[in-house]
Amino acid sequence: MRRIAIIGGGLAGVSLANLLIRNPNLAIEVYESKEFSERGATVGLGRSALVALEKILPAAEDTLVQKTGATPTESIRVRVGSGKNQGEFLFEIPNMKPRVSVPRASLLKELLAHLPEKILYANMQLTSIDKGPDGVSITFEDGTTQLFDAVIGADGINSRVRGYVLAGQEHGSSPAGFWDCWAMFPSEKVRGSIYEEYLRPEQQYAFTADGALLLYALAAGGTMVMAVISSIEDAGQRQQGDRQRKLGDEEKERLRRKWSVANGIVEAILSEPSLHAYSQHEPKSTAAYCRDNICLIGDAAHASTPWQGAGAGQALEDCVILSALLRSITDTKDMNKAFRIFESVRMPRCEQVIQSSRQVGNILCSLEKYETLEDWRKALEGKWDYMYAFDLGKQEKEALKALQSDVAKIVRIIPPKEARVAHASVVYLDWKGRPLNLEFEMLAAGFDPYIGNDSSILVETDSEEL
């Protein structure tokens, strides 16, 4: 029986555990540095995320609505919140069905309910990882040492496992240029101070402002409102070594003046006594998701800003692909091969989300100035298309095809700072030089030296080792 440690007990780690415990050939243990909990009010789950969750939690969509207070979302309507065009319709993010907003804590609780308590270890702070001839040794702050066949890092943006995988490289996170704060309050608190047409169930609303965005929606059957303010972050606003900071009175007053509409929502957020701002961070450029028998998933591999609401969905997709690969191997020595294939199929999509999300944040916060509303709309058009066109089932088949084939070498992609989206045919050669022709959606430009503008890769090797 192969032993696997999952470091991190958030949505990514617990979702993966739900899939892996079904494999009788695997013994799974989940380690969380604190108590098992989630920060934030709600998480948005789109089409592919719900497909993934259905594999993790059977009958997931019904379960979410009944047990977690999830709210379906039809679309997000964006209006101008200040200036000469205030109140004007700007853009609608359409065709979001199926999409739901789920309270983070409730979703985690439901995922934990399906796991045996004996495999869950809270308050276990990882201090070191060592790869030896007998496996991967992990040591915790309390002195405990355990030996596993593989370790999976699901320990978030400040991942310690990431430090091992990217040893000798920049692996920390850095400010993405935005901050956000959120609050949840009774809907009765704002009724009468905002038009009823802006408080429809199953609808999310956003109002732009100079350098900021207000986003909100009804929750808990219409009895509550979940609202977020996101804004451009100045270097002077950042706390050294701490993403969280208290919002001062002067800053709150500046925020109040940013919006000329939806003032009731803004005031309800800013009046919350425990309100804090959180700096949005991204990881440095990620050259690898795995090393030896150690692999990264979720935010530990590819944290993104929240402007397209795709971060949690990416983690759930990771879990489906990685669990399918691990389910298909029978020998411990093949684990690194499975991890490398996971990396090769997941990295292009995840890097695409990181870059696209940041671009959308810049557009919505008016970092890029537009002469007319029509120019502004055109800048947003198509930004969500790639997300809804993604086929998780197809990617799972591609990953398994690569695993089952006698693949010579898995390409490692170095993410660029800027890249355009294109389709690339990744040509793998087996040991006899026969092409395998696996199709992947790639970030085609800028992945020097592997990918050029011809959108194709030829991977060759005369070695039988990955």
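What you see is a predicted model, and the numbers here were worked out from it, not measured in a lab.

What to know about helix 6 (residues 249-256)
- Turning to helix 6, its buried residues number three or more, namely Glu-251, Lys-252 and Leu-255. Viewed end-on, helix 6 has its buried residues packed into an arc of 100 degrees, placing them on one side of the element. Pointing more than 90 degrees away from the buried face of helix 6 are the exposed residues Asp-249 and Glu-250.
- Looking at the packing, one finds that the buried side of helix 6 touches strand 13 (173-186), strand 16 (224-232), strand 17 (244-246) and helix 7 (263-270).

Considerations on the pairing of strand 11 (residues 145-148)
- Where strand 10 (residues 135-140) lies against strand 11, four bridges are found, and the strand directions are antiparallel. By the bridge assignment, Thr-139 is partnered in strand 11 with Thr-145.
- Between strand 10 and strand 11, which pair antiparallel one after the other, the connecting turn spans four residues, and Gly-143 there sits at a positive phi close to 95 degrees.

Details of empty space enclosed by the protein
- Going through the model one piece at a time under the given rule, you end up with three cavities of 30 Å³ or more.
- The space that makes up the largest cavity amounts to roughly 110 Å³.
- Residue lining of the largest cavity: 15 residues in total, with Gly-46, Ser-48, Ala-310, Arg-349 and Met-387 positioned closest to the centre.
- Among the secondary structure elements, those contributing two or more residues to the lining of the largest cavity are strand 3 (42-45), helix 2 (47-56), helix 9 (311-327) and helix 12 (385-389).
- Considering only residue class, the lining of the largest cavity consists of five nonpolar, six polar and four charged.

A look at the pairing of strand 7 (residues 100-103)
- Here strand 7 shows a buried face lined by Val-100 and Val-102 and a second buried face lined by Ser-101 and Pro-103.
- The pairing of strand 3 with strand 7 spans four bridges and is classified as antiparallel. Each bridged residue has a counterpart across the sheet, and for Gly-44 the counterpart in strand 7 is Ser-101.
- As paired strands, strand 4 (residues 71-72) and strand 7 are joined by two bridges and run antiparallel to one another. Considered in strand 7, the bridge of Pro-72 is made with Val-100.

Some words on the sheet that holds strand 15 (residues 212-219)
- Spatial strand order, 6-5-14-15-16-13-18-17: eight strands in an open sheet with mixed pairing. Every other strand in the sheet has two partners, leaving strand 6 (89-93) and strand 17 as the edge strands with one partner each. Mean inter-strand twist for the sheet, computed between neighbouring axes without regard to direction, equals 25 degrees.
- For strand 13 and strand 18 (residues 276-283), the ladder comprises five bridges, and the chain directions are antiparallel. Of the residues in strand 18, the one forming a bridge with Ser-174 is Glu-282.
- Across the sheet, helix 11 (residues 373-380) touches strand 5 (75-80), strand 6 and strand 14 (203-209), and the angle it forms with strand 6 is around 15 degrees.

Here is what the cut-offs are and how they apply
Residues numbered from 1 in each chain as written. Predicted model: local features only at pLDDT ≥ 70, side-chain atom pairs only at ≥ 80, totals over all residues. Heavy atoms only, no water. Buried < 20%, exposed > 50% of the residue type's maximum accessible area, 1.4 Å probe, protein only. Helix = DSSP H or I, 4+ residues; strand = E, 2+ residues; numbered from the N terminus. Arc of directions from axis to C-beta. Contact = heavy atoms within 4.5 Å. Pairing = 2+ DSSP bridges. 1 Å grid on protein atoms, 1.4 Å probe; cavity = no way out; pocket = protein on both sides within 12 Å on 5 of 7 lines; lining within 4 Å. Points joined across faces, edges and corners; volume = space filled by probe spheres on them. Nonpolar A, V, L, I, M, F, W, Y, C, P; charged D, E, K, R; others polar. Axes fitted to C-alpha atoms, helices over the stretch in contact; angles between N-to-C directions.

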